[in-house]
Amino acid sequence: MQGLGVRFRPGCFRAFLDGPVSDIADRAVPLTDVFGAKAREAAESVRTAPDDAQMVGAIDNLLIANAVVLRPAAREAAAAVESIARDPGITRVAQLCTDTGLTTRSLQRLFAEHVGCAPKWAIRIYRLNDAAHRIATEGPVDYAGLAARLGYSDQSHFIRDFAAVTGQSPGEYARTARTDPGPVPDSHRT
């Protein structure tokens, strides 16, 4: 059995939907609900493709057949998420408001419509992804210092948040990540 995942830039999938992205967040939605009957053909092509290139081609064809134009609000949402990804100093929604020039409520509406989560949640996930990357790639970690750099009020808050999202304490994650040669989270922060 084969499968293929497609990753859209945050904020850019809304154009394919009949409603806000928050309506499908945390749910499994059949491909046909979004792309119609042609999605069945694409799914079958992916299942029977002899190689990755043909799998990707089948999905490319589906997306090209359903080409959309991004509205300015979608571009604005994508830019806001890219700001979070690019700048680890953005640890609060107020900082994102300053960066984007939008009010808190405008950001909340924009994210619900185009990203599918609240701006606070997106900031949290990028911070924790950054922490996971640092824990996995750096030597011994000063967790109090890392918590402060990521905008947490204290080390215990950071540890609770990290464990809630990853299922492991930072220390457990460090031991696992350093003994497992698998991929390290991509922080997308450059």
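Structural data are supplied above this passage.
### Here's the deal with the overall build of the protein
- Scanning the protein for helices and strands turns up 10 helices and zero strands.
- Of the regular secondary structure in the protein, the N- to C-terminal order runs α-α-α-α-α-α-α-α-α-α.
- With respect to the principal axes defined by its C-alpha atoms, the protein has extents near 50 × 45 × 25 Å.
- Here the contacts in the protein between residues at least 6 apart in sequence split such that 63% fall between residues at least 24 apart.
- Counting only carbon and sulfur atoms, one obtains 53% of the accessible surface of the protein, whose full area is about 11,100 Å².

### Digging into unusual backbone geometry
- Its identity as a non-glycine residue notwithstanding, Asp 26 has a phi of 60 degrees, on the positive side.
- Along the polypeptide, Asp 26 turns up in the segment before helix H1 (31-35).

### Some details on the pattern of salt bridges
- This structure, assessed with the given rule, holds five salt bridges.
- Residue Glu 113 is joined to Arg 14 by a salt bridge in which the shortest nitrogen-to-oxygen separation is 2.6 Å. Of the two residues, Glu 113 sits in helix H6 (residues 104-114) while Arg 14 sits in the segment before H1, which places them 99 residues apart along the sequence.
- Residue Arg 14 is classed as buried on the basis of its relative accessible area, which comes to 14%.
- Measuring nitrogen to oxygen at the nearest pair gives 3.4 Å for the salt bridge that ties Asp 130 to Arg 134. Residue Asp 130 and its partner Arg 134 are both found in helix H7 (residues 119-137); the two are separated by four residues, about one turn of the helix.

### Describing the packing of aromatic side chains
- Inspection of every chain in the model, using the stated rule, returns eight aromatic pairs.
- A connected cluster of aromatic rings, assembled from ring pairs, spans Phe 8, Phe 13, Phe 16 and Phe 35.
- The residue whose ring lies beneath Arg 127 is Tyr 152, and the NZ or CZ to ring-centre distance is 4.0 Å.

### A look at the nonpolar core
- Counting residues in each nonpolar core, the largest one holds 17 residues, and the members touching the most others are Ile 84, Leu 96, Leu 107, Phe 111, Val 115 and Ile 123.
- Where this core is concerned, the elements lending two or more residues are helix H4 (72-86), helix H5 (93-100), H6 and H7.
- Looking at this core element by element, the count peaks at five residues for H4.
- In this structure, Leu 107 is in contact with Ala 80, Val 93, Leu 96, Cys 97, Thr 100, Leu 102 and Pro 119, ignoring residues within four places of it in sequence.

### A short note on the packing of helix H2 (residues 38-48) against helix H3 (residues 52-65)
- Where H2 contacts H3, the axes come no closer than 8 Å and their chain directions differ by 170 degrees. Between H2 and H3, the angle is such that the two are roughly antiparallel. For the pair H2 and H3, the contacting residues are Lys 38, Ala 39, Ala 42, Ser 45 and Val 46 in the first and Met 55, Ala 58, Ile 59 and Leu 62 in the second.
- Among the residues making up the contact of H2 with H3, the classes are represented as seven nonpolar, one polar and one charged.

### Some points on a nonpolar patch on the surface
- Residues Leu 4, Val 6 and Val 56 make up a contiguous nonpolar surface patch of roughly 210 Å² in combined accessible area.
- Assignment of secondary structure puts Leu 4 in the segment before H1.
- Here Leu 4 falls in the partly exposed class, since its relative accessible area comes to 36%.

### What to know about the packing of H5 against H6
- With their axes 9 Å apart at the nearest point, H5 and H6 run at an angle of 90 degrees to one another. Here H5 is positioned roughly perpendicular relative to H6, judged by the angle of their axes. Within the contact between the two elements, H5 uses Val 93, Leu 96, Cys 97 and Thr 100 and H6 uses Thr 104, Leu 107 and Phe 111.
- Here the residues of the contact of H5 with H6 sort into five nonpolar, two polar and no charged.

### Looking at H4
- Taking 1.5 Å per residue as the helical rise, H4 with its 15 residues ought to reach 21 Å, and the 20 Å between its terminal C-alpha atoms agrees with that figure.
- The complete set of buried residues in H4 reads Ala 74, Ala 77, Ala 78, Ala 80, Val 81, Ser 83, Ile 84 and Ala 85.
- Where the residues of H4 are buried, they touch H5, H6 and H7.

Basis of the calculations
Residues numbered from 1 in each chain as written. Predicted model: local features only at pLDDT ≥ 70, side-chain atom pairs only at ≥ 80, totals over all residues. Heavy atoms only, no water. Helix = DSSP H or I, 4+ residues; strand = E, 2+ residues; numbered from the N terminus. Contact = heavy atoms within 4.5 Å. Areas by Shrake-Rupley, 256 points an atom, 1.4 Å probe, with all protein chains shown as cover. Salt bridge = Lys/Arg side-chain N within 4 Å of Asp/Glu carboxyl O. Buried < 20%, exposed > 50% of the residue type's maximum accessible area, 1.4 Å probe, protein only. Phe/Tyr/Trp six-rings, centres within 6.5 Å; stacked < 30°, edge-to-face > 60°. Lys NZ or Arg CZ within 6 Å of the ring centre and 35° of its normal. Core = buried A, V, L, I, M, F, W, Y, C linked by side-chain atoms within 4.5 Å. Axes fitted to C-alpha atoms, helices over the stretch in contact; angles between N-to-C directions. Parallel < 35°, antiparallel > 145°, perpendicular 65-115°, else oblique. Nonpolar A, V, L, I, M, F, W, Y, C, P; charged D, E, K, R; others polar. Patch = residues over 30% accessible without salt bridge, like charges linked within 9 Å, V, L, I, M, F, W, Y side chains within 5 Å. Expected span 1.5 Å × (residues − 1).

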